[in-house]
Amino acid sequence: AQSVTQPDIHITVSEGASLELRCNYSYGATPYLFWYVQSPGQGLQLLLKYFSGDTLVQGIKGFEAEFKRSQSSFNLRKPSVHWSDAAEYFCAVGRALYSSASKIIFGSGTRLSIRP
Amino acid sequence: NAGVTQTPKFRVLKTGQSMTLLCAQDMNHEYMYWYRQDPGMGLRLIHYSVGEGTTAKGEVPDGYNVSRLKKQNFLLGLESAAPSQTSVYFCASSYGGLGLASLNEQFFGPGTRLTVL
């Protein structure tokens, strides 16, 4: 069964510092990977996704993620965080079904706090 | 475009009461989903729909029912609420398709915070 693990429940970084949020997946076939962000009191918004091709994926708001098959990881990075990046971040893995809607499994999330 | 809207935003129920959560989308999306979000557990899929008149069970369907009578609306019902159903409920929608096309971006509503006493 596919699963997603986000080992860090809560991370605090200083404004202007670099950020890396970890995500590990378990899936037997080609994974389709996503990062979503949830600002306080809001729904989730897609940051980026990986389906195939270049393993370094660029997303919105200056985020990027790198797919590493050998490590079963899809870590999210940003070179310099802004106070507005404080939010909860969810990694997700999807499985493409050809007979029905596909299923996306979300990780438990990492809450990011920004230190002024 | 309003995107995905959910009503109500907040609700407190007593055990055994029933209620319906309404989700509406104006993007002409085929697929709609109901998730619940609980601390430390991420989002878990309750039910989903691939089109008007069709619904299917997700990971945690027990205690919930859904209906998709109109393409733009997806209703989530709790027939007899239990404290274990205290959660934040999110509706989402996406374009349809099979295979990779069905993994299109999901657009989320702002959520409904439900407390069952």
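Everything discussed here concerns the structure shown above.
Source: prediction; values computed, not measured.

Draft legend 1. Focus on the overall build of chain B. When its secondary structure is counted, chain B shows zero helices and eleven strands. The order of helices and strands in chain B, counted from the N terminus, is β-β-β-β-β-β-β-β-β-β-β. Over its C-alpha atoms chain B spans a radius of gyration of 14 Å, differing by no more than 12% from the 13 Å that the globule rule assigns to 117 residues. Projected onto its principal axes, the C-alpha coordinates of chain B cover approximately 40 × 25 × 25 Å. Long-range contacts, defined as pairs at least 24 residues apart, comprise 56% of the intrachain contacts of chain B with a sequence gap of at least 6. Of the accessible surface of chain B, which amounts to about 5300 Å², a share of 54% is contributed by carbon and sulfur atoms. Of the charged side chains in chain B, 10 are positive and 8 negative, and the gap between their average positions amounts to 8 Å.

Draft legend 2. Expanded view of the side chain of Arg36 of chain B. Residues and elements named next belong to chain B. In this structure, Arg36 sits in strand S4 (residues 31-38). Among the polar contacts made by the side chain of Arg36, one reaches the side chain of Tyr64 at a distance of 2.9 Å. At 3.5 Å, the side chain of Arg36 and the backbone oxygen of Thr86 are in polar contact. With residues up to four places along the chain from it excluded, the contact list for Arg36 reads Gly42, Leu43, Arg44, Ile46, Val60, Tyr64, Ser84, Gln85, Thr86, Ser87, Val88 and Tyr89.

Draft legend 3. Quick look at the interface of chain B and chain A. In this complex, chain B contributes 23 residues to the contact, which on the side of chain A involves 27 residues. Both sides of the chain B and chain A interface together cover about 2000 Å² of buried area, and 63% of this is carbon and sulfur. The tally of links between chain B and chain A comes to zero salt bridges. Taken together, the elements giving at least two residues each to the side of chain B that touches chain A come down to S4 and strand S5 (42-51) of chain B. The leading source of residues in the side of chain B that touches chain A is S5 of chain B, at five residues. When the residues that make up the side of chain B that touches chain A are grouped by side-chain class, the tally is 13 nonpolar, eight polar and two charged.

Draft legend 4. Highlighting the pattern of salt bridges. Evaluation of the coordinates by the stated rule reveals seven salt bridges over all chains. Salt-bridge contacts for Asp8 of chain A lead to Arg22 of chain A; the nearest nitrogen and oxygen are separated by 2.9 Å. Of this pair, Asp8 of chain A sits in the loop between strand S1 (3-5) and strand S2 (10-14) while Arg22 of chain A sits in the loop between strand S3 (19-21) and strand S4 (24-26), placing them 14 residues apart in sequence. Classification of Asp8 of chain A by relative accessible area gives buried; the value is 18%. The closest approach of N and O atoms between Arg44 of chain B and Asp38 of chain B, which form a salt bridge, is 2.8 Å. One exposure class covers both Arg44 of chain B and Asp38 of chain B, and it is buried.

Draft legend 5. Region of interest: the environment of Val81 of chain A. Residue and element names in this part refer to chain A. Tracing the backbone shows Val81 in the loop between strand S9 (73-78) and strand S10 (87-95). Remark: the alpha-carbon pair of Val81 and Ala17, spanning 64 residues in sequence, is separated by 5.9 Å. Setting aside chain neighbours within four positions, we find Val81 in contact with Val13, Ser14, Glu15, Gly16, Ala17, Leu19 and Ile114.

Draft legend 6. Looking closely at the pairing of strand S9 (residues 87-94) of chain B. Residues and elements named next belong to chain B. Burial runs high along S9: eight of the eight residues are buried. Across the two faces of S9 the burial is the same, with Ser87, Tyr89, Cys91 and Ser93 and Val88, Phe90, Ala92 and Ser94 all buried. Sheet analysis places S4 next to S9, joined by seven bridges and oriented antiparallel. Looking at S9, one finds that Gln37 is bridged to Val88.

Draft legend 7. A look at the environment of Ile60 of chain A. All names here are of chain A. With respect to the helices and strands, Ile60 occurs in the loop between strand S7 (56-58) and strand S8 (64-68). For the pair Ile60 and Ala87, spaced 27 residues apart in sequence, the C-alpha separation works out to 15 Å. Excluding its chain neighbours within four sequence positions, the residues that come into contact with Ile60 are Gln45, Leu46 and Leu47.

Reading guide: rules and limits
- Counting of residues starts from 1 at the beginning of each chain's written sequence and follows it residue by residue.
- Starting at A for chains and at 1 for ligands, labels are handed out in the order in which the entities are written.
- Local features are withheld for residues below a pLDDT of 70 in this predicted model, meaning they are given only at 70 or higher, and side-chain atom pairs are given and counted only at 80 or more; totals for whole chains, interfaces and linings count all residues.
- Remark: hydrogens and water are excluded; side-chain values derive from all non-hydrogen atoms of the structure.
- Here a helix means four or more residues in a row that DSSP labels H or I, a strand means two or more in a row labelled E, and each is numbered from the N terminus.
- Only the C-alpha atoms count toward the radius of gyration. The rule for a globule is 2.2 Å times the residue count to the power 0.38.
- In what follows, a contact means two residues having at least one pair of non-hydrogen atoms within 4.5 Å.
- Exposure was quantified through the Shrake-Rupley algorithm and a 1.4 Å probe, taking into account, for residues, occlusion by the shown protein chains and nothing else.
- Positive: Lys, Arg. Negative: Asp, Glu. His and the chain ends are not part of the count.
- Positions of charges follow a simple convention, taking NZ of Lys, CZ of Arg, CG of Asp or CD of Glu.
- As used in this structure description, the phrase polar contact means that two N or O atoms lie within 3.5 Å; if the pair is within protein, one of them must be able to donate a hydrogen and the other to accept it, and residues adjacent in sequence are counted only when both atoms belong to side chains.
- What gets called buried area is simply the loss in accessible area from a 1.4 Å probe that two parts show on being joined, summed for both.
- Each salt bridge in this description consists of a side-chain nitrogen of Lys or Arg and a carboxyl oxygen of Asp or Glu lying within 4 Å of one another.
- Charged means Asp, Glu, Lys or Arg here, nonpolar means Ala, Val, Leu, Ile, Met, Phe, Trp, Tyr, Cys or Pro, and polar covers whatever is left, Gly included.
- With a 1.4 Å probe rolled over the protein chains alone, any residue whose accessible area is under 20% of its type maximum counts as buried; one over 50% counts as exposed, and the rest are partly exposed.
- In this scheme, strands are said to pair when DSSP sees at least two bridges between them.

From the geometry alone we can't say anything about function, so treat these as descriptive.
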